[in-house]
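Okay, here's what each chain looks like letter by letter:
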Amino acid sequence: QQKVQQSPESLSVPEGGMASFNCTSSDRNFQYFWWYRQHSGEGPKALMSIFSDGDKKEGRFTAHLNKASLHVSLHIRDSQPSDSALYFCAASDHNNNAPRFGAGTKLTVKP
Amino acid sequence: AQTIHQWPVAEIKAVGSPLSLGCTIKGKSSPNLYWYWQATGGTLQQLFYSITVGQVESVVQLNLSASRPKDDQFILSTEKLLLSHSGFYLCAWSPGLGGRNEQYFGPGTRLTVL
């Protein structure tokens, strides 16, 4: 079983709509969470990190972390066609181990 | 500003042939460097990391090896390619080890093994 599970596998929203992504980890040692976005044919780029319980907002992006339930989410409001990409959740522990990436969620924003 | 360059952009190679992929980081001294592999549309798997010249740690080998001959250069190679080596290879750097550090990815190299 993957240590970092993402849902849904794919998502389609209309332009201007809200896109929501979920990520659940099965390892209580994971303390640091990142969301990365990858456009087709490019390398991933970090969107935001979240290390503490609660919400973190950066522009149109809001992340939420609940360490007790090992759940992190990402919400994009006012989605744009340029937001169409693959979104990855990455989780790390306190040690210097490699981050674990989820399988990704493919977002399509339709004009 | 830091820049990360990968070469080649794409490769088509035969099974059993050798491979060498490269990565250079400019504008950052002593970066932590990483190699990732990504199946088409799939998740990212870290393969190797290096915190200093000449030292490379293996995370998942996949019959590949890595070297760091210079502070700003990371090389991924194998003497014999397998079909399973096909995919997208990404080099990344971070300012430190550990989950608090962002990974900065390069543009990637698309490898097709036939």
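Above: the structure in question.
## Some details on the sheet that holds strand S8 (residues 71–76) of chain A
All names here are of chain A.
- With antiparallel pairing, the five strands of this open sheet are ordered in space as S1-S3-S8-S7-S6. Of all strands in the sheet, those bounded by a partner on one side alone are strand S1 (4–7) and strand S6 (54–58). Neighbour to neighbour, the strand axes of the sheet diverge by 15° on average, direction disregarded.
- The sheet contact formed by S6 and strand S7 (residues 61–66) spans five bridges and is antiparallel. Across the sheet, the residue bridging to Asp55 is His64, located in S7.

## Observations concerning the side chain of Gln38 of chain B
- Topologically, Gln38 of chain B is positioned in strand S4 (residues 32–38).
- Given a relative accessible area of 3%, Gln38 of chain B falls into the buried group.
- For Gln38 of chain B, the side chain forms a polar contact with the side chain of Gln38 of chain A, separated by 2.8 Å.
- Apart from the residues within four sequence positions on either side, Gln38 of chain B is in contact with Gln38, Leu86 and Phe88 of chain A together with Thr43, Leu44, Gly87, Phe88 and Leu90 of chain B.

## Observations concerning the pairing of strand S5 (residues 44–52) of chain B
All names here are of chain B.
- Here S4 runs beside S5; their pairing, made up of six bridges, is antiparallel. Bridge pairing in S5 links Gln38 to Leu44.
- Hairpin connection, S4 to S5: the antiparallel pair is bridged by five residues, and Gly41 has positive phi, about 70°.
- Two elements, S5 and strand S6 (residues 55–58), share three bridges in a ladder whose sense is antiparallel. Residue pairing for S6: Thr52 is matched across the bridge by Gln55.
- With antiparallel pairing between neighbouring strands as the criterion, S5 and S6 make up a hairpin whose turn holds two residues, including Gly54 at a positive phi of roughly 85°.

Reading the values: the criteria
- Residues numbered from 1 in each chain as written.
- Chains lettered and ligands numbered in written order.
- Predicted model: local features only at pLDDT ≥ 70, side-chain atom pairs only at ≥ 80, totals over all residues.
- Heavy atoms only, no water.
- Pairing = 2+ DSSP bridges.
- Helix = DSSP H or I, 4+ residues; strand = E, 2+ residues; numbered from the N terminus.
- Axes fitted to C-alpha atoms, helices over the stretch in contact; angles between N-to-C directions.
- Buried < 20%, exposed > 50% of the residue type's maximum accessible area, 1.4 Å probe, protein only.
- Polar contact = N/O pair within 3.5 Å; in protein donor to acceptor, adjacent residues only side chain to side chain.
- Contact = heavy atoms within 4.5 Å.

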